[in-house]
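Below, each chain spelled out in residue letters.
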Amino acid sequence: MDAIRSGWFSEIQNDLWPGQSFSLKVEKILHEERSKFQKIKILETETYGRCLILDGIIQCTTKDEFAYQEMIAFLPLCCHPNPKKVLIVGGGDGGVSREVVKHPLVEEVYQVEIDDRVIELSKKYLPTMACGFDDKKLSLVVGDGFEYMRTNQRKFDVIITDSSDPIGPAISLFQEDYYKLMKNSLREGGIVCSQGGSFWLDYNYIKKQMLNCSIHFPRVAYAVTSVPSYPCGQIGFVIGCLDKSSDFKDPVIKFSSSEIDAMNLKYYSSKIHSSAFTLPRWIEKNFYENGNPK
């Protein structure tokens, strides 16, 4: 649930992060409605800019969204030698597509988002993110990502799943059969990257997600980024590759500082890429055994 009291929005989620909440001072409620799939709220906040909230959970703020969008996009894209065709599942705010289309080797991007109202409202209230929908590389489909992949096999080089948290309808995007479906939609050497949660909060769930991924992908890893408006200020990504020789820490594609600036990347760099896979000792010891998920 969420609450706005005395001018503050508080994110309260007892199923996913019990005993804590994150609060933002609200200047104005820009929009709220219940779509066919979820409750949507968009706020103007005092210090984090505009904020998109789905079912009471913060999805992004204009202050720090790039730290998530850039990493979920460029980590898998730069691990693939030639990511020509990319599928995005979810990402209705447009932020991930905005980043994916920047990559110079990407030729075609297909995005499947189930809730058209998130897309429409993001275009109206979050234009700096929704601008990703305007790129000529992008084909946008409103529909079910599962069904889309079932009818598009062996087509993509990279699949990025930008989902909400593992509760309610989104929980299916974290299960073993979803990784199997993604595998069947990839071409040889394909890579997947999914929102993976925070190890401070979702420790056991991340381990389960990595094991689910490892059933279908010979190389699996967990990478992290820092996003202050997410619980504990940290979130990660589960990445799987069909090429068992892939070394996630060493990006195949490295950009110069001038190339990074030309793409207007604020967080991602080749150094950040490598460091994202360096985990705290207690996490590394409990997530991996001989380099494989355990």
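Residues numbered from 1 in each chain as written. Predicted model: local features only at pLDDT ≥ 70, side-chain atom pairs only at ≥ 80, totals over all residues. Heavy atoms only, no water.

The test is simple: UniProt positions are given in the numbering used here, feature names are shortened, and annotations may be inferred rather than shown by experiment.
Under an unreviewed UniProt entry, the name given to the protein chain is PABS domain-containing protein, and the organism recorded is Glossina pallidipes. Quoted verbatim from the Sequence similarities (unreviewed entry) field of the UniProt record, the comment on the protein chain reads "Belongs to the spermidine/spermine synthase family."

## With respect to the packing of aromatic side chains
The line we're drawing: Working definition: a ring pair exists when centres of Phe, Tyr or Trp rings (six-membered ring for Trp) sit within 6.5 Å. Plane angles under 30 degrees give stacked, over 60 give edge-to-face, the rest tilted. Secondary structure elements follow DSSP: runs of H or I of four or more residues count as helices, runs of E of two or more count as strands, with numbering from the N terminus. Working definition: with a 1.4 Å probe on protein chains only, accessible area under 20% of the residue-type maximum means buried, over 50% means exposed, and in between means partly exposed.
One pass over the full model with this rule turns up 16 aromatic pairs. On the basis of an interplanar angle of 65° and a centroid distance of 5.8 Å, the ring pair of Tyr110 and Phe156 is categorised as edge-to-face. Residue Tyr110 is located in strand β8 (residues 108-113), and its partner Phe156 is located in strand β10 (residues 156-162); the two are separated by 46 residues in the primary sequence. Across the pair, exposure class does not vary: Tyr110 and Phe156 are buried alike. Taken together, the ring pairs connect Phe199, Trp200, Tyr203, Tyr222, Trp282 and Phe287 into an aromatic cluster.

## Thoughts on helix α1 (residues 65-79)
Stated formally: One fewer than the residue count of a helix, multiplied by 1.5 Å, yields its expected span.
Over its 15 residues, α1 runs 22 Å from end to end, which matches the ideal 21 Å to within 8%, given 1.5 Å per residue. Of all 15 residues that make up α1, 14 are buried, and the element is covered over most of its length.

## A look at the nonpolar core
Let me state the cut-off plainly: Grouping buried Ala, Val, Leu, Ile, Met, Phe, Trp, Tyr and Cys residues that are joined through side-chain atoms within 4.5 Å yields what is termed a nonpolar core. Whether two residues touch is decided by their heavy atoms; if any such pair falls within 4.5 Å, the residues are in contact.
Counting 71 residues, the largest nonpolar core has Leu75, Leu87, Val100, Ile159, Tyr222 and Phe287 as its most contacted members. Ranked by residues supplied to this core, first place goes to α1 with ten residues. Once residues lying within four places of it in the same chain are set aside, the contact partners of Leu75 are Glu70, Ala223, Phe237, Ile239, Tyr268, His273, Ala276 and Phe277. Of all hydrophobic cores here, the second largest spans eleven residues; its members include Ile40, Ile42, Leu121 and Leu126.

## Regarding the environment of Phe22
In this fold, Phe22 is placed in strand β3 (residues 21-34). On the basis of relative accessibility, which here comes to 21%, the residue Phe22 falls in the partly exposed class. With eleven residues separating them along the chain, Phe22 and Glu11 place their C-alpha atoms 5.3 Å apart. Dropping the residues within four chain positions of it, Phe22 is found in contact with Phe9, Ser10, Glu11, Tyr48, Ile58, Pro228 and Ser229.

## What about the sheet that holds β8?
Our working definition: Two strands are said to pair when DSSP picks up at least two bridges between them. The convention used is that axes are lines fitted to C-alpha atoms, helices contributing only their stretch in contact, and that angles between N-to-C directions extend from 0 to 180 degrees.
Spatially, β9-β8-β7-β10-β11-β13-β12 is the arrangement adopted by the seven strands of the open sheet, whose pairing is mixed. The two strands at the open ends of the sheet, each matched to only one other strand, are β9 (138-142) and β12 (219-226). Sheet twist, expressed as the average angle between the axes of neighbouring strands with direction ignored, equals 15°. Examined bridge by bridge, β10 and strand β11 (residues 186-197) share five bridges and lie parallel to one another.

## What to know about the domain arrangement of the protein chain
The condition that has to hold: Each domain span listed reflects an automatic or database assignment of domains. Summed over both partners, the accessible area lost on bringing two parts together, with a 1.4 Å probe, is the buried area. Here, a salt bridge means any side-chain nitrogen of Lys or Arg that lies within 4 Å of a carboxyl oxygen of Asp or Glu. In the analysis that follows, any N or O atom pair within 3.5 Å is treated as a polar contact, provided that within protein one partner can donate a hydrogen and the other can accept it, and provided that, for residues neighboring in sequence, both atoms belong to side chains. Residues are grouped as follows: Ala, Val, Leu, Ile, Met, Phe, Trp, Tyr, Cys and Pro are nonpolar; Asp, Glu, Lys and Arg are charged; every other residue, Gly included, is polar.
Each assigned domain of the protein chain is listed with its residue range as follows: domain 1 (8-61) and domain 2 (64-293). Computed over C-alpha atoms, the centres of domain 1 and domain 2 are 23 Å apart. Taken together, the contacts link 24 residues of domain 1 with 25 residues of domain 2. Counting the surface lost from both domain 1 and domain 2, the interface buries some 2200 Å², and carbon and sulfur atoms represent 63% of this. When the buried area of domain 1 at its contact with domain 2 is split by residue, Leu16, Phe37 and Thr61 rank highest and sum to 22% of it. Applying the counting criterion to the domain 1 and domain 2 interface returns one salt bridge. As a salt-bridge pair, Glu33 and Arg117 come within 2.6 Å of each other at their nearest N and O atoms. Between the two partners, domain 1 and domain 2, sit eight residue pairs in polar contact (both at pLDDT 80 or more). Secondary structure elements with two or more residues in the side of domain 1 that touches domain 2: β3, β4 (39-45), β5 (50-54) and β6 (57-61). Among the residues making up the side of domain 1 that touches domain 2, the classes are represented as 13 nonpolar, seven polar and four charged.

## Digging into the layout of surface pockets
Let me state the cut-off plainly: Whether a set of points on the 1 Å grid over the protein atoms alone is a cavity depends on a 1.4 Å probe fitting there but being unable to get out, while an open set qualifies as a pocket with protein on both sides within 12 Å along at least five of seven lines; lining residues are those with an atom within 4 Å of a point. Grid points are joined across faces, edges and corners, and a volume is the space filled by probe spheres set on the points.
What the second largest pocket holds in volume is close to 240 Å³. Forming the boundary of the second largest pocket are 13 residues, of which Ala221, Lys249, Phe277, Tyr288 and Gly291 lie nearest the centre. Ranked by residue count, the leading element in the lining of the second largest pocket is β12, at four residues. Residues belonging to the lining of the second largest pocket are distributed by class as follows: seven nonpolar, two polar and four charged.

## Quick notes on the UniProt feature "active site" (unreviewed entry) in the protein chain
Mapped onto this structure's residue numbering, the UniProt feature "active site" (unreviewed entry) falls at Asp162. With respect to the helices and strands, Asp162 occurs in strand β10. Residue contacts for Asp162: discarding those within four places in its chain leaves Tyr68, Gln69, Ile72, Val89, Gly90, Gly91 and Val96. Here Tyr68 takes part through its side chain, which lies 2.7 Å from a polar atom of the side chain of Asp162.

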